Amino acid sequence: MKHYHYIFAGAGLASLMTVYRMAVMGNFSNSILIIDPDTKTNNDRTWCYWQDGNTIWDAITFRKWKSAIFADENKTVDLDFGNYEYNMIRGIDFYSFVLAELKKHSNIEFVQQKVIDFADTGLNVLVKTETESYTCNKLLNNIYDPVLPKSQNKYPVLQQHFIGWHIKTGQPVFDSEKPVFMDFSIPQKGNTRFMYVLPFSETEAIVEYTLFSKDLLPEKEYEYAIQEYLENLNTGSYEIVGTERGSIPMTCYPFWKNNTKNIVNIGTAGGWTKASTGYTFKNADKLSEHLVIFLTRQDDFTAFYKKNRYWFYDLLLLDILNRKNEKGALIFSSMFKKGDASSIFKFLDEESSFTEDIGVISKCPKGLFISAFFRNITNL
Ligand SMILES: Cc1cc2nc3c(=O)[nH]c(=O)nc-3n(C[C@H](O)[C@H](O)[C@H](O)COP(=O)(O)OP(=O)(O)OC[C@H]3O[C@@H](n4cnc5c(N)ncnc54)[C@H](O)[C@@H]3O)c2cc1C
């Protein structure tokens, strides 16, 4: 049975960010195996995230926007990003960039296999794929198991679910300088539903119908909603040049408690998805950096990841949306109504001071959050 120092189960965002950092850092000459049935050669997703300053991903950033629009049925607000920019990276550019770097390192292998089981024996980790078995000193597991959060009822589990169409229109309709961050002017139908638009030119954009709710919709319902939105924009005829879809867990379930001495769960599988928004790119960027430093200094993965006060704030929002899913439009409109997006970005990035936290939270409907606070006080 072949032995590696590190095995990555799954070559997703978190694995590729971590192994890229290990490769360029130069401190990791031990053998590394990445296992994924997918070759990572498809443009299967678009990542956006807000950023203040440079990142190591700037070379592959497809588009940057300096502001955006927030809307509900009563108003449309220009969001002031301050020093932040909204960055977009195409999946294919990220995969190609990372895989090109990994090819330069003879200690790193990538095999197309499906992992079916793994176990920490205490001395090492046994990893089984459909065709082979391996051992390793440390396993970094990037495979999300939806059964884990769903098999408990202490923490609500919502999904950020969406279908997006990349379209080209015959006539100019989009403002290429202004993405639509959240547009709640559409029928809410008892849920938190909004449109999200990433414009590339006046005639080209990705338009997504997104919900933060428990249950997915039939595919047609997302598509009708996009069609209706485009009709209201008076796009005229348009061509669909690409589609994307997702269902991202939004939960405070403590995934990291499943870490063992030799197995760390990373990415969505490790709780790296921001529970209140479904955004994962920024957390994966930060946490992959922490993890690589951790690997150089520590041996026991049960010490990786700590719960912070933002975990509790996220729990309050999810508790409200779980009980009263229709309140999302009110909550997000209250937060964004003055257009000061930069303080909200800082808060969502978990980089705000406690006073700044209060500033953001106090914009939200107080009654809802006070009740949620008392319902969840035992989790503090
Ligand atoms: C279409 C889409 C758009 C998104 N847009 C954004 C965005 O704009 N901003 C943002 O912050 N987040 C976004 N997200 C959420 C999140 O960033 C992504 O889902 C992100 O890719 C999650 O990263 P990950 O590391 O958890 O794993 P993933 O990137 O999901 O990768 C998991 C990997 O595991 C592999 N795998 C699965 N099962 C096995 C198995 N049995 N054996 C081996 N390998 C296996 C898969 O093939 C895959 O390569 C989006 C998600 C989707 C789906």
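You'll find the structure just up there.
Here's a quick rundown of the structure. (Residues numbered from 1 in each chain as written. Predicted model: local features only at pLDDT ≥ 70, side-chain atom pairs only at ≥ 80, totals over all residues. Heavy atoms only, no water.)

Digging into the overall build of the protein
Phase 1: Regarding its fold elements, the protein presents 10 helices and 17 strands.
Phase 2: In terms of overall size, the protein behaves like a compact globule, its C-alpha atoms giving a radius of gyration of 21 Å where 380 residues would be expected to give roughly 21 Å.
Phase 3: The principal-axis extent of the C-alpha atoms belonging to the protein is close to 65 × 50 × 40 Å.
Phase 4: Counting every position in the protein, which comprises 380 residues, the buried fraction comes to 56%.
Phase 5: A sequence separation of at least 24 residues applies to 76% of the contacts in the protein between residues at least 6 apart.
Phase 6: When the accessible surface of the protein is totalled, it reaches about 17,100 Å², and 50% of it is carbon and sulfur.
Phase 7: Charged side chains of the protein number 41 positive and 45 negative; the gap between the two group centres comes to 6 Å. (Helix = DSSP H or I, 4+ residues; strand = E, 2+ residues; numbered from the N terminus. Rg over C-alpha atoms; globule rule 2.2 N^0.38 Å. Buried < 20%, exposed > 50% of the residue type's maximum accessible area, 1.4 Å probe, protein only. Contact = heavy atoms within 4.5 Å. Areas by Shrake-Rupley, 256 points an atom, 1.4 Å probe, with all protein chains shown as cover. Lys, Arg positive; Asp, Glu negative; His and termini not counted. Charge placed at Lys NZ, Arg CZ, Asp CG, Glu CD.)

Considering the pattern of salt bridges
Phase 1: With the rule as written, the count across this model stands at 24 salt bridges.
Phase 2: Residue glutamate 85 is joined to lysine 66 by a salt bridge in which the shortest nitrogen-to-oxygen separation is 2.7 Å. A residue pair is termed long-range when its members are at least 10 positions apart, and glutamate 85 in strand β7 (residues 85-90) and lysine 66 in the loop between β4 (61-65) and β5 (67-71) qualify at 19 residues.
Phase 3: The partner of glutamate 221 in a salt bridge is arginine 193, and the shortest N-O contact between them spans 3.1 Å. Taken together, the residues span a long stretch of sequence, with glutamate 221 in helix α4 (residues 219-232) and arginine 193 in strand β14 (residues 193-201) at a distance of 28 residues.
Phase 4: Under the relative-accessibility criterion, arginine 193 is labelled buried at 4%. (Salt bridge = Lys/Arg side-chain N within 4 Å of Asp/Glu carboxyl O.)

A short note on the layout of surface pockets
Phase 1: In this structure, the second largest pocket encloses a volume near 610 Å³.
Phase 2: Lining the second largest pocket are 30 residues; nearest its centre among them are Leu287, Tyr305, Lys306, Asn308 and Glu350.
Phase 3: Counting residues per element, the ones that place at least two in the lining of the second largest pocket are β16 (238-251), α5 (281-297) and α6 (309-323).
Phase 4: No other element matches the five residues that α5 contributes to the lining of the second largest pocket.
Phase 5: A class-by-class count of the residues in the lining of the second largest pocket yields 15 nonpolar, eight polar and seven charged. (1 Å grid on protein atoms, 1.4 Å probe; cavity = no way out; pocket = protein on both sides within 12 Å on 5 of 7 lines; lining within 4 Å. Points joined across faces, edges and corners; volume = space filled by probe spheres on them. Nonpolar A, V, L, I, M, F, W, Y, C, P; charged D, E, K, R; others polar.)

Description of the packing of aromatic side chains
Phase 1: With the rule as written, the count across this model stands at 43 aromatic pairs.
Phase 2: Measuring from ring centre to ring centre gives 6.0 Å for phenylalanine 294 and phenylalanine 301, while their planes differ by 20°; the resulting arrangement is stacked.
Phase 3: Here the guanidinium or amino end of lysine 138 rests over the ring plane of phenylalanine 301, the centre of that ring lying 5.3 Å away.
Phase 4: Sitting above the plane of the tryptophan 311 ring, lysine 307 keeps its charged end 4.0 Å from the centroid. (Phe/Tyr/Trp six-rings, centres within 6.5 Å; stacked < 30°, edge-to-face > 60°. Lys NZ or Arg CZ within 6 Å of the ring centre and 35° of its normal.)

Quick notes on the site of the ligand
Phase 1: Contacts to the ligand come from 30 residues, most closely from Asp36, Lys40, Cys48, Thr268 and Thr280.
Phase 2: Contacts to the ligand include alanine 14, whose backbone N or O atom sits 2.8 Å from an oxygen atom.
Phase 3: Measuring from an oxygen atom of the ligand, one finds a side-chain N or O atom of tryptophan 47 at 3.1 Å.
Phase 4: A total of 970 Å² of accessible area belongs to the ligand in isolation, and the protein chains cover 84% of it.
Phase 5: Among the elements of the structure, α1 (13-25), β3 (46-51) and β16 are those that each provide at least two residues to the shell around the ligand.
Phase 6: Of the residues forming the shell around the ligand, the biggest block, four residues, is contributed by β16. (Near = heavy atom within 4 Å. Polar contact = N/O pair within 3.5 Å; in protein donor to acceptor, adjacent residues only side chain to side chain.)

Quick notes on the nonpolar core
Phase 1: Tyr86, Phe181, Leu198, Phe332 and Phe336 are the most contacted members of the largest nonpolar core, which has 50 residues in total.
Phase 2: It is α6 that contributes the most residues to this core, 10 residues altogether.
Phase 3: In contact with leucine 198, not counting residues within four places along its chain, are Thr46, Cys48, Trp65, Tyr86, Met88, Pro179, Glu204, Ala205 and Ile206.
Phase 4: Ranked by size, the runner-up nonpolar core spans 38 residues in total, among them Tyr6, Met22, Trp47 and Leu102. (Core = buried A, V, L, I, M, F, W, Y, C linked by side-chain atoms within 4.5 Å.)

Some details on the sheet that holds strand β15 (residues 204-213)
Phase 1: Overall, mixed pairing links the seven strands, which are arranged β6-β5-β13-β14-β15-β12-β16 in an open sheet. Edge strands, defined here as strands with exactly one partner in the open sheet, are β6 (76-80) and β16. If you compare each strand with its neighbour and ignore which way they point, the axes differ by 20° on average.
Phase 2: As defined by bridge partners, β5 adjoins β6 across five bridges and the pair is classed as antiparallel. The residue of β6 that forms the bridge with isoleucine 69 is aspartate 78.
Phase 3: Its contacts with the sheet place α6 against β12 (157-169), β15 and β16, and it is angled at close to 80° to β12. (Pairing = 2+ DSSP bridges. Axes fitted to C-alpha atoms, helices over the stretch in contact; angles between N-to-C directions.)

A look at helix α2 (residues 91-103)
Phase 1: In this model, α2 (13 residues) spans 18 Å end to end at C-alpha, consistent with the 18 Å of a helix rising 1.5 Å per residue.
Phase 2: Among all positions of α2, only Gly91, Ile92, Phe94, Tyr95, Val98, Leu99, Glu101 and Leu102 are buried. (Expected span 1.5 Å × (residues − 1).)

Observations regarding the sheet that holds β7
Phase 1: With respect to topology, three strands assemble into an open sheet ordered β3-β7-β4, the strand pairing being antiparallel. Of all strands in the sheet, those with a lone pairing partner are β3 and β4, marking the two edges. Averaged over all neighbouring strand pairs, the angle between strand axes comes to 25°, with direction disregarded.
Phase 2: By the bridge criterion, six bridges tie β3 to β7 in an arrangement that is antiparallel. Residue pairing across strands places cysteine 48 opposite methionine 88, the latter belonging to β7.

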